[in-house]
Structure formats: C-alpha cells, structure tokens
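Below, each chain spelled out in residue letters.
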Amino acid sequence: MSRPLLELAGVDTFYGAVQALKNVDLAVGEGEIVTLIGANGAGKSTLMMTVCGQPRARSGQIRYDGEDITHLPTHRIMRRGIAQAPEGRRIFPRMSVRENLLMGAESAGQNAAEAEMARVFALFPRLAERERQRGGTLSGGEQQMLAIGRALMSRPRLLLLDEPSLGLAPLVVRQIFQAIRTLNRETGLTVLLVEQNAYQALRLAHRGYVLVNGAITMAGAGAELLARPEIRAAYLEGGH
Amino acid sequence: MNARGPLADAFLSALIALGLFAPMVGLETHVGAHGIALAPRPLAVAALVGAVFVLRLAVRLWQARPHRAAAGPGAARARLAAALGGTKRFLIPTLLAIAVVMPFLASRATIDLGILMLTYVMLGWGLNIVVGLAGLLDLGYVAFYAVGAYSYALIAQATGLGFWSCLPASGVLAALWGITLGFPVLRLRGDYLAIVTLAFGEIIRIVLLNWVSLTGGPNGISGIPRPTLFGLRFTMTDGPGTFAGFFHLAPSPTHRVMFLYYVILGLALLTNWVTLRLRRQPLGRVWEALREDEIACRSLGINVTTTKLTAFAVGACFGGFAGAFFATRQGFISPESFTFMESATVLAIVVLGGMGSQLGVVLATLVMIGGPEMFRPLADYRMLIFGLALVVMMVLRPRGLVTERRPSIMLGAAARAAPLALAAEEVG
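Read on for a plain summary of the structure.

Definitions and limits used
- Residues numbered from 1 in each chain as written.
- Chains lettered and ligands numbered in written order.
- Predicted model: local features only at pLDDT ≥ 70, side-chain atom pairs only at ≥ 80, totals over all residues.
- Heavy atoms only, no water.
- Pairing = 2+ DSSP bridges.
- Helix = DSSP H or I, 4+ residues; strand = E, 2+ residues; numbered from the N terminus.
- Contact = heavy atoms within 4.5 Å.
- Axes fitted to C-alpha atoms, helices over the stretch in contact; angles between N-to-C directions.
- Parallel < 35°, antiparallel > 145°, perpendicular 65-115°, else oblique.
- Left-handed = near helix turned anticlockwise from the far one by under 90°.
- Nonpolar A, V, L, I, M, F, W, Y, C, P; charged D, E, K, R; others polar.
- Buried area = accessible area lost by both parts, 1.4 Å probe.
- Salt bridge = Lys/Arg side-chain N within 4 Å of Asp/Glu carboxyl O.
- Polar contact = N/O pair within 3.5 Å; in protein donor to acceptor, adjacent residues only side chain to side chain.

1. Focus on the sheet that holds strand β4 (residues 59-64) of chain A
Residue and element names in this part refer to chain A. In spatial order, the strands read β2-β1-β4-β5; together these four strands make up an open sheet with antiparallel pairing. At either end of the open sheet lies a strand with only one pairing partner, and these are β2 (18-29) and β5 (67-68). Bridge count between β4 and β5: two bridges; the pairing is antiparallel. Along β5, the bridge assignment pairs Arg-63 with Asp-68. The sheet contacts of helix α1 (residues 44-51) involve β1 (4-15), β2 and β4, and relative to β1 the element is tilted by about 115 degrees.

Okay, here's the thing in structure tokens:
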C-alpha cells in the first residue's frame, strides 16, 4: 500500500448507548480503490459518516493526509479534498442537473466550476444531455451519476461512495463501476467504496475490508478476498 | 381518492355537518321573562346540512368526471404552462404599472387599502426567503415585524431621529433577533421548528405587553414621528419646511397617504429585488439546496449553520423594515397589532401563492387582503365567502397559485426554453 491518505485508528462510534463501530482500524492509500463490504446493519454507512464527522467518533483517531480530522466540524472536513456521494444519492430534486453540479462546487469556490463540469460531462455524457432537466425527473442510474458528478465538482482527492449500486440495474451498475475505475486510473483519485454488492466491489477494488457487527473481521487484496471460501459463503452465494 | 361512493361520502359529510351545526346554529338564545331561554332552529340546521350534502356530492362528482384521456395530461400541462408563461410576461408589468399609477386615480380609502396590501406583500416576500427558499417553516414571523416597529418607535422617541435614519437600525435589530431565534432552532426541522418559532413570536409579544416601563405595555407607544420627504414634513399647513409649502400646493391629507404608499411600494420592491438577486447568487442557491436536502448539503461541505442563520437574518431584516413602516404609518403601536394572526396571515399568503414564488405572493395578497375588503358590503357573510374561496383555491391548486420554479442559472437559448419545460413538469 502507498502512503495512506485516510487512516482510521481504533475508532469507536455510538448511537446513544448502542455501539455501532468497534475499534475500527482502516487505511486507504493514495491512489487506491478500497472497498468496505458487509451485511445490512454491519455499520458500513456509519463508518463512512464517522469519517465525515456525523456521528462523531467517541474514541480513536481519524487522519486525513497525515492530519487529525477527528474533531473538525463536518463542513470543514468536506472542504479538505474529501467528497461524498451519500447513500440514497440525495440529489436536489427540484433543482436542475446543472444547479445540482454547481452545488458540488460551492465549498471549493466557483472559479473552476465550468472546467470541472466539462470533466463530469465527459465522464457521464448522459448528464450533459439532461443538463437542464430537474434532478427529480432523472432515472435512478442518472441520479447516481449526478450524485457522483456532484461530489467530483469540488476536485476531491478522496471520494467516498456509499452503495452506488443500490437499486440499479446490473448494466447501470457496470457503467458506474467502470466510471469509478476510469477516474482512479486517469486522475489517480482515491476511492473508499461501501458496497453490499460484494462481488462487483471486490473485483473493482485494490483492497477490501469486511465489516461484521461494527468490527473489521478480514482485510486483504480484492482478488484474495474474493477467493476466500468464507467470503464466498457469506456474501457471494446465497443471493448477494 | 377513497373507495367510498360519492353518495355515501356526501351522507357522511352531512352527518358531520349535523353534529357541528346542531349546537352552533340550531340553538338560539332568547332573553325571556325568566332569564335566558333556548329556542331551537331546526330549519336553519336542515338548510345548512342539505347544502353540505349537495356541495360534497357535487365536488365528488366533479372529481370523478372522466378525464380526456386522448389529449393526455402531458399536452394539457404543456398548454397550461405556455399560457402561464405568456400571461406572466404581461401580468408583472401590468401589476407594476397599476401599482405606480393607482394613487393618482384612486380614492383615499383605496390608497389606504393599497398600503395595507403592499405591507403584506413585503412581509410575504420577506417570509418567502425563510419559508419558500430556505424551507424553514416559521410561524413566528410577526416577532420581527414587532421588533422593527418597536425599534423605530423607541429609537425615535429616545433620540429624536426621523424615520429614514431609524429604518436601517430597525432592520439590523430585527436581523439580530432573527439570528437569536436561529441559534436554538438550528437542529430543528418541520413541525418542531414551527412550534418553537410560534413560541418565539408569542414570547416577543408577551414581553412587549409586560415590559411596561420600556414599551408602555398594553397602552402602546403613541406620537411616533411621521416620515418626511428629504426633510419636508407632511402637515395641514403650507409653512416653510412642509411638502405643501415647498411645492406650492394646497395642503391636503392625501399627500401624506400617497407618500406613505410610495414608501412601502419602494420598500417592497427593494425586498423583491434583493431576493431575486440573491437567488442568482451562490447564497440563494444554497438556501434552495438546504430546502431540498440538508444532509446532502452537509456532505457537500456547506456550512448549514451559517446558511440557516443568514436566511433567518435576511428574512427578519425585511420584516423589521416592514415593522418600522407600520409604526410610522400608524403613529401608534401596541402589542395587539402583533398577534399570531398576523404570522398566520403572512404564512398563508406565502403558501397560497406557491412557496418560493414572488408573483404568487402578490396574487395571494390580492386574494387574502383585498378579498375580504372587497366583500365588506356583504357584512357577516364576507368571512364565509372568504373561507369558501380559500377551500376552493386549495382544492383546485393544492401547491399554490404559482408553482413554477425558474432555474437560477441558464445559458443562452435555454433561458427561454427551460422555464417552460420546468413549468410543464410542475404544473398540475
């Protein structure tokens, strides 16, 4: 692994009295695609949200680019080169595709917004076709593209993707994963990908972590995890 | 749409009406020889219940009428949107022209009504920033109106300054109170926010009512200075320093009313202009994004705290301006003018107009404030007609009078095509 861009060390997160993350250690190297797989309710989204400071880690440390960001307010964290395409896409339904994208550039300042938008349109030509349409009228796949495009508008170094395949047709999932691979290869974008679609995610990622009941139980290279019988039994066969 | 038949539904409505009207209308008190006696009025009840039955049946049958499937809802919507876009182009300049010329043609009473309506238009536009754009449901907007009015009255009394010098201070103080309200409610949304803002409005009113040494309590403040035109006073004489004297006119009380009318017209247009400008700025876009999805805003690195506070502050500032104007127009203020009813009316204007629509606020004010005034000759029945009109309006246009949302940014040719496309999606 190259120099870590994001590091979680001994992170515990609670919802009230319920512990959602237990002593989580995780590292994402610069230029890597790392995936976090696990069942429903394992704490995958919690881990991602903890990186963003919502909820806040009760103990442990989160470092980004060598700097402790554990206690920074959310909007400060999101202005340091981290961007997120949140679970459920959460695009702005009554605003146009163009306005949605501009919102992504809001925190980074508007100067380079046009150039950035051109790059997003090159990556997802469908969005260019729908530029003036309202976000809420897009199909699920297009909304996911918009959510990723919006996150890219702030020129992030680290992209957090929370279940981009959720509720999408297999063909669309392939398109989106292909776009992630392209981004990573061509721009060196670092990606932390949370997925239930373990097979696709592990094939895409350089490395993977398995989260069970809030604790990391396995880690390794994507292909290596794919080959492990216990992973096959738990996440690949039997429906996932 | 429920599965009950129209007849059963109408019968049920009639039953509810019977339950309501039997005690409220069906019993009349008479002062008889042995104190008060009750007399039944079965005919009145029967007439009302019958009317409810017939009306409900009519509504249900109208709703169930076969739709013209051939034309398709899409085509109908597009036509409606085109018509809306067309009328809008003429409607706004026409309304503006009427507003500017009106004082020279109308009677004094009509100008007074115009001032009242413009005050509500301004309050509606101010609240539209908070509710329509930022999506923060505020039931206590009257508090800022009150703060503006009392700020002007108290500062003017203490310092002897005039309306124009005190106006900015009223706006700033109201904005500060907007931020003060904003802080505790930052984490609240929807119903909870509404309850707290409602309480805030009441707190301000009750403080004004009980802080007798400062505000005069229920007696209010009188002798509030009237506004001047560059130092020219509006009086019944034509001495030096008066408007009539300077322009060699016969002194007339109408001058001041007309002047007040143009002051509030200017203030309201200022509110509109600032709002329209802000909508095209990043700040306005962030407000709208906040209305759409707060969590997404956070994930994009937007500081939700400052965004909400600016919405409260800007909205409150215009409420404060309107309050100062109210004080200078009346010359007298008391807590009675700042009840929850005012907040509810302004909110109704915003909702009825279609949240976030500037033109909608104007149309809704014409209906909400102008309507009851127009029906004044009908005496007791006017509120009945007014209520009926509101119900009909919400049935026909449940999302408000003007439901179109223009994108805040457009490119070249898209500037003409896009609003219609968006309206087509939204109308109906």
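2. Topic: the sheet that holds strand β6 (residues 82-85) of chain A
The strands that make up a sheet are held in pairs by hydrogen bonds between backbone atoms, and each pair lies either parallel or antiparallel. All names here are of chain A. Spatially, six strands are ordered β6-β7-β8-β3-β9-β10 in an open sheet, and the strand pairing comes out mixed. Strands at the two margins of the open sheet, each flanked by one partner only, are β6 and β10 (215-221). Looking at each pair of strands side by side, their axes are set apart by 15 degrees on average, direction ignored. The pairing of strand β3 (residues 33-38) with strand β9 (residues 207-212) spans five bridges and is parallel. The partner of Gly-38 across the bridge, within β9, is Leu-211. Most of the contacts of helix α6 (residues 140-152) go to β6, to which it runs at about 170 degrees, and overall it touches β6 and β7 (158-162). Together, β3, β9 and β10 form the strand contacts of helix α10 (residues 229-236), whose direction differs from that of β9 by roughly 65 degrees.

3. Looking at the packing of helix α6 (residues 163-182) of chain B against helix α13 (residues 304-330) of chain B
Residue and element names in this part refer to chain B. Axis separation between α6 and α13 bottoms out at 7 Å; the angle between their running directions is 140 degrees. Regarding the angle of α6 to α13, the classification is oblique. Judged by the twist between their axes, the crossing of α6 over α13 is right-handed. Residues Phe-163, Leu-167, Pro-168, Ser-170, Gly-171, Ala-174, Ala-175, Gly-178, Ile-179, Leu-181 and Gly-182 of α6 touch α13, and the partners they reach there are Leu-309, Phe-312, Ala-313, Ala-316, Cys-317, Gly-320, Phe-321, Ala-324, Phe-325 and Thr-328. The residue makeup of the contact of α6 with α13, split by class, is 15 nonpolar, six polar and no charged.

4. Some words on the interface of chain B and chain A
Tallying the contact residues gives 28 residues for chain B and 26 residues for chain A. Approximately 2600 Å² of surface area, both sides summed, lies buried where chain B meets chain A, with 58% of it carried by carbon and sulfur atoms. Put simply, chain B and chain A have three salt bridges between them. Across the pair B:Arg285 and A:Glu106 runs a salt bridge whose closest N-O atoms are separated by 4.0 Å. In this structure, the connection of chain B to chain A is made through four residue pairs in polar contact (both at pLDDT 80 or more). Sorting the residues of the side of chain B that touches chain A by element identifies α11 (282-292), α12 (294-299) and α17 (414-426) of chain B as the ones contributing at least two each. If one sorts the elements of the side of chain B that touches chain A by residue count, α11(B) sits on top with seven residues. In the side of chain B that touches chain A, the residues fall into 15 nonpolar, four polar and nine charged.

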